[in-house]
Amino acid sequence: MKKYDAVFILDEHLVEDHGNLFAEELSNFLKSLGAEIETVKNMGHRQFTYEIKKRKAGIYWNLIFSLNPAKIADIKDKYRLDERIIRYRIFDYISPGKNTIVQDI
């Protein structure tokens, strides 16, 4: 299993309660794939520097989890067309303090 750091930006108009239900749904989906979830953190509402899909702001969620690398495609397949998500990225996890570049998956 490999450790990952994921960031999901949610459309504030399409999610209720600041995305808590979405985060719970995502956590349950990851667990069903065999993931070990370390943290699920609401990073709050933030303004964008430029518009993304005609939106000026979004709700950020950060997840750190361990998962078999072959299962990452399942996450992408499930959430790539989800209208609640403005954008998401899954990175290889690099522990804080190391001077290495985080790689986008």
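Located above this text is the structure these notes cover.
What you are looking at is a predicted structure, and each value in this text was computed from that prediction instead of being measured.

Each value, and the rule that gives it
Residues numbered from 1 in each chain as written. Predicted model: local features only at pLDDT ≥ 70, side-chain atom pairs only at ≥ 80, totals over all residues. Heavy atoms only, no water. Helix = DSSP H or I, 4+ residues; strand = E, 2+ residues; numbered from the N terminus. Rg over C-alpha atoms; globule rule 2.2 N^0.38 Å. Buried < 20%, exposed > 50% of the residue type's maximum accessible area, 1.4 Å probe, protein only. Contact = heavy atoms within 4.5 Å. Areas by Shrake-Rupley, 256 points an atom, 1.4 Å probe, with all protein chains shown as cover. Pairing = 2+ DSSP bridges. Arc of directions from axis to C-beta. Axes fitted to C-alpha atoms, helices over the stretch in contact; angles between N-to-C directions. Core = buried A, V, L, I, M, F, W, Y, C linked by side-chain atoms within 4.5 Å.

Novice: Just checking my understanding: could you explain the overall build of the chain for this structure?
Specialist: Counting its secondary structure elements, the chain contains two helices and four strands. Starting at the N terminus, the α and β elements of the chain follow one another as β-α-β-β-α-β. Relative to its length of 105 residues, the chain is compact, with a C-alpha radius of gyration of 14 Å against a globular reference of 13 Å. Considered along the principal axes of its C-alpha atoms, the chain spans approximately 35 × 35 × 20 Å. Looking at the chain residue by residue over its 105 residues, the buried ones come to 36%. Looking at the chain alone, contacts between residues at least 24 apart form 69% of all its contacts between residues at least 6 apart. Split by element, the accessible area of the chain, about 6700 Å² in all, is 48% carbon and sulfur.

Novice: Got a minute to help me understand the pairing of strand β3 (residues 55–67) in this structure?
Specialist: Consecutive residues of a regular strand have side chains that alternate between opposite faces of the sheet. Most of β3 is tucked away, with 11 of its 13 residues classed as buried. Pairing of strand β1 (residues 2–10) with β3 involves nine bridges; the strand directions are antiparallel. Within the sheet, the bridge partner assigned to V7 lies in β3 and is N62. In this structure, the hairpin formed by strand β2 (residues 36–52) and β3 is closed by a connection of two residues, where K53 is found at a positive phi of approximately 50 degrees.

Novice: Would you take a moment to explain helix α2 (residues 72–79) for this structure?
Specialist: Because the α-helix completes a turn every 3.6 residues, residues three or four places apart line up on one side. Residues of α2 that are buried: I72, I75 and Y79. Summarising the axial view, the buried residues of α2 lie within an arc of 60 degrees, below the 170-degree limit, and thus occupy one face. Those residues of α2 that are buried lie in contact with β1, α1 (20–32), β3 and β4 (85–92).

Novice: Explanation requested: the sheet that holds β3 in the structure shown.
Specialist: Across a sheet, paired strands are connected by hydrogen bonds in the backbone, their directions being either parallel or antiparallel. Pairing is antiparallel across the open sheet formed by four strands, whose spatial order is β2-β3-β1-β4. Two strands bound the open sheet, and with one partner strand each, they are β2 and β4. When strand polarity is set aside, the average angle formed by the axes of neighbouring strands in this sheet is 20 degrees. Of the strand pairs in this sheet, β2 and β3 are connected by 11 bridges, and their pairing is antiparallel.

Novice: Explain the nonpolar core here, please?
Specialist: F8, L10, F65, L67, I75, Y79 and I90 are the most contacted members of the largest nonpolar core, which has 23 residues in total. Sorting the residues of this core by element identifies β1, α1, β3, α2 and β4 as the ones contributing at least two each. Here F8 is in contact with F22, L26, I59, Y60, W61, L63, Y79, I85, R87 and Y88, once residues within four sequence places are set aside. Listed in part, the five residues of the second largest apolar core include I9, F48, I52 and I86.

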